[in-house]
Amino acid sequence: MIDPELLNYDFDEEKNGFAAPQAAVDSPALSSKEAMGRALLALGSMGIVLQVTVGIFLGSWLGILLSYGLLAAGAILIFLGRFQGTHPGIKHDGTMFRDIQNRGVLGWMLGMAITAFYVVLYFYDDLQNSWDMPPLLERPTKMLNPLAQLLSKGDANRWFLYGFLYTVAVCVFGFRMLLKYRHNKYQRFRTLSVMFFQFGFAFLLPNLLKAFHQPEFYFTYFWPLKYEYLFPNRIDTLKSSGAIGTFMVFWGLLATFVLTPILTWRFGKRWYCSWVCGCGGLAETLGDPWRQQSSNGQRSWKIEHWTIHTILILITVLTVGLWFDLGSWTASYKKSYGFFVGAIFSGVIGVGFYPLLGSRVWCRFGCPMAAILGILQRTWSKFRITTNGDQCMSCGNCSTYCEMGIDVRGYAEKGLNIVRASCVGCGICAAVCPRGVLGLENGMSPSDRFDGAQSPLLALTESIAASTVIPERKTMFPGTCEPGNCQCKEEAPES
Amino acid sequence: MHVVIIGNGAAGVTAAFRIRQHQPDWQITMISGESKYHYSRPALMYIYMGHMPYQDTKPIEDHVWSDKKIELLRDWVVDIDTQGKKLKLHRRGAMDFDRLIISTGSKPNKFGWPGQDLQGVQGLWGLYDLKLLQENAARTKTAVIVGGGLIGIEMAEMLHSQGIHVIFLVREKSYWNHILPPEESALINQIIVEQGIDLRLETELKEIIDNGQGQVGGIVTTSGEEITCQLVGLTAGVSPNCDMVKETSIATKRGILVDQSLQTSAPDVWAAGDCAEIEMPEGKRNQINQVWYTAKMQGEIAGDNVAGMKRQYEPPLWYNSAKFFDLEYHTYGQVNRDLNQELNLVWQHPREPKILRIVHNRAMETIGIQSMGIRLRHRVCEKWINEKQTPGWVLEHLAEANFDPEFYQRHEDEIRSYLGKQIQ
């Protein structure tokens, strides 16, 4: 007999899901660190408001300390309070229940706020000229003058403000990652790496170059992500600015045509996307609370497939057009690309939509650098994520926390290597796997990763033509066939 | 040809896809009373703790079912007529089948404790238990969990994550010590306590007390201690779920009896997964395998046989993995099976929760490898055990079996020098 209570069970899990469980216990008291952190956040915000409205301490070191200084200190205290007393290990309790992390009201508000900030930042001049927008960024920029003077021997402009906020976000939320994954050396090293490259190469060095009257240059961004680095007029300007400028041209060419293929062959796409790149750096730090928002359905993969390669083609056509001076269309083409891809896609949508579509929208659907790295990774890299035998029990933590929306589980439960163009090698799937099934590995050669990997060109055409991503396997457990009488492959069954 | 599969767990789903692979035109119907779609049962705890939404625990995208023309029915099968090849469904009435696979899984054990049917007493097996746990937890400050196995510790972690005070009753002297050797078991005791769980070893449940409203008010242990609590988790193991089969002509013992091709005593009826009890040849003990991968394996065998092929189930070299709070555990081959020939080499990290164990017999053949806090490669360990490598050889090649993430602290040298002395 079946339990009559079971027979009456008709809860609709599809429609209703499972909300946050409640318990009859008091919610834990705010730790003193967290309380103090919140107070500092409030004071820091007040510091900004006072400087922007009344102008007290505006443009002084004290002003910076009493605004951004307090905000950063407050955030760090909150993170310390939150992870204090916890055991080293995966910290995802309640992730799916928090409004701000799950497209709730707060999530939408945050998404719109970041988007609005990017719109104002990118289209400041246009907005001022044609919409009569008040000079919103004038005082926030002026606040940073002492720092800008120290580093670049000039006043801050709004790009300095942007770089500063970006770097602070990477470092403060990087600190959070270091606490969250303090048990995992891969995550710690990787986080320190993105913090280092953002602070040193994307913030400090460009400003120092400016102080020494050298051209603005980011040594960690290459064509086609930083597309103008291979545009003819930019190369001319750099070359004409002297020895350092010439080195920059040389570095840009070396990075795109030599370093990228070699490093991707050796380590996979991750050497750049989750260790060096600034866009990746922000996604891996500030974006971490939203990584589970990336959709991992087949449909998203089909869209991603098209958009990212289209943008790669667009920028390649533009670059070739400029070099060969193919006509006057290139000028308006260049402007449109800068507007739609450079500003709208990579900035406004790429970061603004973190709380709505996950932290890698740009990297996954747009970035042409990621497209090149992806093709290399798919066809001739030694990198793969390996599956540990048949230990997978399909829980899906890996797929949920994959920021690139790869259905990692789909491979793991079949015992297959995961070789996907989009994988940035962040290693979170391996970290969250409760059965130790996934591992990032650089193998002996690219050809032992999947059937057909020994022929990169064939692998490329097959991956382009593929209608489904994850290959089917003839039999999951070949060992269970009768020895010498394996019928699971060839023999046709009865009809 | 109409194939009906009862149950949409790992075994049933694997079988359905296998049949479709071989037989594009057969009608396949899969019936479950628990959920519309297949989901990963081991992920129940992650839904509860907010690591994953329910939707993400479904390994197969919804559209695939209609793409593959596998019809899904949300209903309970209440009776099987093996002669007339008819099923009786709770909501829809009769249904005909040509071939049938029973993959109904397991159910939690209850041992007739007084008060075990009170509101607030429950196991953790399916989505209905998850729903129930949400309702029961809402009035809970203190929970008692009975039974020192894998589901017990998961339930402790789930409730503890909500701030509920969890008291964990374990009958044995040490957690799970009928499966785990003393060192591993002691390490988990320590982890449980460190996490803030009130672990009571050698403590058994005597009865559950009614609070006067038909709900749990507390429990009494066999030593007479009274504990006030609002929720009791019963996790004292599972047994094959053959409730619906018991009154039919299909032979059962502890589970549904099947031969090695997973066919039951009734023609055109197969059983696979936790519910099946496999009769082995040559007087070997019957197999009841209740882990995820054996369900998948048996589903594959049953599916192939239903589709007209001939395959036999041979249990593979035993392996398993689990996670106790933050501590990962991998085991391969025979470890602590009380074989009198079994000899152990054990290394334990002086400070961190890490253990490595190599088990061998007197002929110096490695028969088991087990680890805690270190990930080991399945294929490598399996190969070594199948090849009967010596423990010395295993120690020599230990690095090849390591599956920890990059940059993790490695211990092969320490392990080799510590254990190497013991085999000479």
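Our subject is the structure that appears above.
A. Up close: the overall build of chain A. Each helix and strand counted, chain A has 23 helices and 2 strands in total. In summary, chain A has a C-alpha radius of gyration of 25 Å against a globular reference of 23 Å for 495 residues, a match within 12%. Principal-axis analysis of the C-alpha atoms gives chain A an extent of 80 × 70 × 40 Å. A total of 495 residues make up chain A; the buried ones form 55% of that total. Long-range contacts, defined as pairs at least 24 residues apart, comprise 74% of the intrachain contacts of chain A with a sequence gap of at least 6. Just so you have it, chain A exposes about 22,100 Å², and 66% of that area is on carbon and sulfur atoms. Charge separation in chain A, taken as the distance between the mean sites of 42 positive and 35 negative side-chain charges, equals 10 Å.

B. Examining a nonpolar patch on the surface more closely. All names here are of chain A. Residues Leu43, Met46, Leu50, Val54, Ile56, Phe57, Leu62, Leu65 and Leu66 make up a contiguous nonpolar surface patch of about 800 Å² in total accessible area. Elements with a contribution of two residues or more to the nonpolar patch: helix 3 (32-53) and helix 4 (61-83). Its location among the elements puts Ile56 in the loop between helix 3 and helix 4.

C. Just the packing of aromatic side chains, in detail. All chains considered together, the criterion is met by 52 aromatic pairs over all chains. Considering the side-chain rings of Tyr227 of chain A and Phe231 of chain A, the 5.7 Å spacing of their centres and the 45 degrees angle between planes classify their relative orientation as tilted. Each member of the pair, Tyr227 of chain A as well as Phe231 of chain A, carries the same accessibility label: buried. Relative to Trp393 of chain B, the ring of Trp384 of chain B lies with its centre 5.7 Å away and its plane at 85 degrees, an arrangement referred to as edge-to-face. Each member of the aromatic cluster is reached from another via a ring pair, and the members are Phe117, Tyr118, Tyr122, Phe123, Trp159, Tyr162, Tyr166, Phe339 and Phe340 of chain A. The lysine or arginine in question, Arg378 of chain A, covers the ring of Phe450 of chain A, its NZ or CZ lying 4.8 Å from the ring centre. Geometry around Phe11 of chain A places Lys131 of chain B over its ring, the cationic atom sitting 4.5 Å from the centre.

D. View of the nonpolar core. Judged by nonpolar contacts, the single largest core of 129 residues is most densely connected at Ile80, Leu87, Ile102 and Leu159 of chain B. Looking at this core, the element that brings in the most residues is helix 7 (residues 292-306) of chain B, giving 7 residues. Ignoring any residue separated from it by four or fewer positions in sequence, one finds Leu87 of chain B in contact with Val4, Ile6, Ile31, Val77, Asp79, Ile80, Gly93, Ala94, Met95, Phe97 and Leu100 of chain B. Counting 74 residues, the second-largest nonpolar core is a separate cluster that includes Leu318, Ala370, Leu373 and Val408 of chain A.

E. Representation of unusual backbone geometry within the structure. Cis geometry is found at the peptide bond from Trp223 of chain A to Pro224 of chain A, where omega equals 5 degrees. By the secondary structure assignment, Pro224 of chain A is in the loop between helix 10 (185-211) and helix 11 (232-240). Its identity as a non-glycine residue notwithstanding, His213 of chain A has a phi of 55 degrees, on the positive side. Structurally, the position occupied by His213 of chain A is in the loop between helix 10 and helix 11. Take His213 of chain A: its relative accessible area is 73%, and that puts it in the exposed class. Positive phi, normally seen in glycine, also occurs at Asp268 of chain B, with a value near 60 degrees. Structurally, Asp268 of chain B can be placed in the loop between strand 18 (256-258) and strand 19 (269-271).

F. Seen up close, the sheet that holds strand 4 (residues 77-81) of chain B. Residue and element names in this part refer to chain B. The strand order across the open sheet built from 3 strands is 4-5-6, with neighbouring strands paired in antiparallel fashion. Each edge of the open sheet is held by one strand with a lone partner, namely strand 4 and strand 6 (93-96). For this sheet, the mean angle separating the axes of adjacent strands, direction not counted, is 25 degrees. One ladder, built from 4 bridges, connects strand 4 with strand 5 (residues 86-89); its direction is antiparallel.

G. Quick peek at the packing of helix 4 (residues 127-137) of chain B against helix 5 (residues 150-161) of chain B. Residue and element names in this part refer to chain B. It is the contact of helix 4 with helix 5, at a shortest axis distance of 12 Å, that shows an interaxial angle of 45 degrees. With respect to helix 5, the axis of helix 4 lies oblique. For the pair helix 4 and helix 5, the sense of crossing is right-handed. Taking contact as the criterion, the partners of Leu130, Leu133 and Ala137 in helix 4 are, on helix 5, Met155, Met158 and Leu159. Here the residues of the contact of helix 4 with helix 5 sort into 6 nonpolar, no polar and no charged.

H. Structural view of the sheet that holds strand 22 (residues 327-333) of chain B. All names here are of chain B. The sheet built from 5 strands is open, its strands ordered 21-22-25-24-23 with antiparallel pairing. Unpaired on one side and paired on the other, strand 21 (319-324) and strand 23 (343-348) mark the two borders of the sheet. Each neighbouring strand pair of the sheet contributes to a mean axis angle of 10 degrees, computed without reference to strand direction. Of the pairings in the sheet, the one linking strand 24 (residues 355-360) to strand 25 (residues 366-372) comprises 6 bridges and is antiparallel in character. Residue pairing across strands places Val359 opposite Gly368, the latter belonging to strand 25. Contacts from helix 6 (residues 182-194) reach strand 21, strand 22, strand 23, strand 24 and strand 25 within the one sheet, and its direction differs from that of strand 24 by about 160 degrees. The sheet contacts of helix 8 (residues 378-386) involve strand 21, strand 22 and strand 25, and relative to strand 25 the element is tilted by about 155 degrees.

I. Structural detail: the interface of chain B and chain A. Listed as interface residues are 90 residues of chain B and, on the opposing side, 79 residues of chain A. Here chain B meets chain A over a buried area of about 7,200 Å², counting both sides, of which 50% is carbon and sulfur. Our count for the contact surface shared by chain B and chain A stands at 5 salt bridges. The shortest N-O distance in the salt bridge between Arg377 of chain B and Glu441 of chain A comes to 2.9 Å. For the interface between chain B and chain A, the tally reads 41 residue pairs in polar contact (both at pLDDT 80 or more). Here the side of chain B that touches chain A is built from residues that sort into 34 nonpolar, 25 polar and 31 charged.

What counts and what doesn't
- Residues numbered from 1 in each chain as written.
- Chains lettered and ligands numbered in written order.
- Predicted model: local features only at pLDDT ≥ 70, side-chain atom pairs only at ≥ 80, totals over all residues.
- Heavy atoms only, no water.
- Helix = DSSP H or I, 4+ residues; strand = E, 2+ residues; numbered from the N terminus.
- Rg over C-alpha atoms; globule rule 2.2 N^0.38 Å.
- Buried < 20%, exposed > 50% of the residue type's maximum accessible area, 1.4 Å probe, protein only.
- Contact = heavy atoms within 4.5 Å.
- Areas by Shrake-Rupley, 256 points an atom, 1.4 Å probe, with all protein chains shown as cover.
- Lys, Arg positive; Asp, Glu negative; His and termini not counted.
- Charge placed at Lys NZ, Arg CZ, Asp CG, Glu CD.
- Patch = residues over 30% accessible without salt bridge, like charges linked within 9 Å, V, L, I, M, F, W, Y side chains within 5 Å.
- Salt bridge = Lys/Arg side-chain N within 4 Å of Asp/Glu carboxyl O.
- Phe/Tyr/Trp six-rings, centres within 6.5 Å; stacked < 30°, edge-to-face > 60°.
- Lys NZ or Arg CZ within 6 Å of the ring centre and 35° of its normal.
- Core = buried A, V, L, I, M, F, W, Y, C linked by side-chain atoms within 4.5 Å.
- Pairing = 2+ DSSP bridges.
- Axes fitted to C-alpha atoms, helices over the stretch in contact; angles between N-to-C directions.
- Parallel < 35°, antiparallel > 145°, perpendicular 65-115°, else oblique.
- Left-handed = near helix turned anticlockwise from the far one by under 90°.
- Nonpolar A, V, L, I, M, F, W, Y, C, P; charged D, E, K, R; others polar.
- Buried area = accessible area lost by both parts, 1.4 Å probe.
- Polar contact = N/O pair within 3.5 Å; in protein donor to acceptor, adjacent residues only side chain to side chain.

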